[in-house]
Amino acid sequence: MSKKKNTLKDLDDFLKQQAATLVSPAKLSDQIETPPPAAPTPVAPEVTPASAAEQAPVAAQAAPAHVVSEISNSSILESIKALAEKEGTTVRKKLYDIILQSAAHQSLSAEDTMLINTILYLKSGDDWKEVIREYWKKRA
């Protein structure tokens with residue numbers, strides 16, 4: 001009789017192994033900044049190809065070619081809330097993808113590697129080991 005795999009135990013063992021190589025993290029309460037209450041972030045209207053063609057001359061005159069809105073913890077949180085309302089139960093997979101995409105353009109610390117491996121584990125199910133191997137092969 002074969003022994004049933006316990007992938008959560010495997011993940012727990014992996015996380016413990018990774019944690020043993022890291023220094024003790026600072027308390028989360030020391031790292032969190034309490035942002036002042038912010039006004040709700042305005043949501044841009046959806047632009048269709050027809051409306052974009054109609055508004056193109058006006059938009060070109062009204063704003064510079066590249067307008068960057070201020071990025072803050074509260075604006076990111078508001079965007080995530082809006083995404084959760086729009087996507088419903090699939091928002092977790094979207095967030096996993098966003099984190100993986102942002103990590104692809106950075107040099108990684110041990111904590112980042114552990115986060116990526118955990119996300120890949122959560123996304124892939126039973127074949128998580130192969131998915132993690134393939135991710136790091138492609139990244140190398």
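Residues numbered from 1 in each chain as written. Predicted model: local features only at pLDDT ≥ 70, side-chain atom pairs only at ≥ 80, totals over all residues. Heavy atoms only, no water.

Novice: Sorry, what's going on with the overall build of the protein here?
Specialist: Scanning the protein for helices and strands turns up seven helices and zero strands. Of the regular secondary structure in the protein, the N- to C-terminal order runs α-α-α-α-α-α-α. Split into buried and exposed, the 140 residues of the protein put 14% on the buried side. Within the protein, contacts between residues separated by at least 24 positions form 55% of all contacts whose residues are at least 6 apart in sequence. Approximately 11,700 Å² of the protein is accessible, and the part contributed by carbon and sulfur atoms is 59%. (Helix = DSSP H or I, 4+ residues; strand = E, 2+ residues; numbered from the N terminus. Buried < 20%, exposed > 50% of the residue type's maximum accessible area, 1.4 Å probe, protein only. Contact = heavy atoms within 4.5 Å. Areas by Shrake-Rupley, 256 points an atom, 1.4 Å probe, with all protein chains shown as cover.)

Novice: For this particular structure, what's the right way to read the packing of aromatic side chains?
Specialist: Within the structure shown, the criterion is met by two aromatic pairs. Geometrically, the ring pair formed by Tyr135 and Trp136 is edge-to-face, given 4.9 Å between the ring centres and 90° between the ring planes. You can call Tyr135 buried: its relative accessible area is 18%. The class for Trp136 is partly exposed, based on a relative accessible area of 24%. (Phe/Tyr/Trp six-rings, centres within 6.5 Å; stacked < 30°, edge-to-face > 60°.)

Novice: Can you help me understand helix 5 (residues 91-103) in this one?
Specialist: Under the 1.5 Å per step criterion, the end-to-end length of helix 5 is 18 Å for 13 residues, consistent within 8% with the ideal 18 Å. Taken as a whole, helix 5 has its buried residues at Val91, Tyr96, Leu100 and Ala103. (Expected span 1.5 Å × (residues − 1).)

Novice: Can you walk me through the pattern of salt bridges in this structure?
Specialist: Pairing is possible between side chains that carry opposite charge, provided their charged atoms lie close to one another. With the rule as written, the count across this model stands at five salt bridges. Notably, a salt bridge pairs Lys81 with Glu78, separated by 4.0 Å at the nearest N-O pair. Of this pair, Lys81 and Glu78 both sit in helix 4 (residues 73-87), three residues apart, roughly one helical turn. Among the residues examined, Glu78 registers a relative accessible area of 33% and is labelled partly exposed. The shortest N-O distance in the salt bridge between Lys123 and Asp97 comes to 2.4 Å. Here Lys123 is found in helix 6 (residues 110-124), whereas its partner Asp97 is found in helix 5, with 26 residues between them in sequence. (Salt bridge = Lys/Arg side-chain N within 4 Å of Asp/Glu carboxyl O.)

Novice: Sorry, what's going on with the nonpolar core here?
Specialist: Most often, soluble globular proteins keep nonpolar side chains buried together rather than apart. With 11 residues, the main nonpolar core is built from Leu11, Tyr96, Leu100, Ala103, Ile116, Ile119, Leu120, Tyr121, Trp128, Ile132 and Tyr135. Going through the elements one at a time, helix 5, helix 6 and helix 7 (128-139) are the ones with two or more residues in this core. Broken down by element, this core gets its largest block of residues, four residues, from helix 6. Discounting residues that sit within four places of it in the chain, Leu11 has contacts with Thr118 and Tyr121. (Core = buried A, V, L, I, M, F, W, Y, C linked by side-chain atoms within 4.5 Å.)

Novice: It is not clear to me how the confidence of the model for the protein should be interpreted in this structure. Could you clarify?
Specialist: As a general rule, the predicted coordinates of low-pLDDT regions are not to be interpreted in detail. For the protein, per-residue confidence averages 74 on the pLDDT scale, and residues scoring 70 or more make up 62% of the total. The weakest mean pLDDT in the protein belongs to helix 3 (residues 49-62) at 45; the strongest belongs to helix 7 at 90. A low-confidence stretch, residues 49-67 (pLDDT under 50), is modelled with one contact involving residues beyond four sequence positions or located in other chains. (pLDDT = per-residue confidence, 0-100.)

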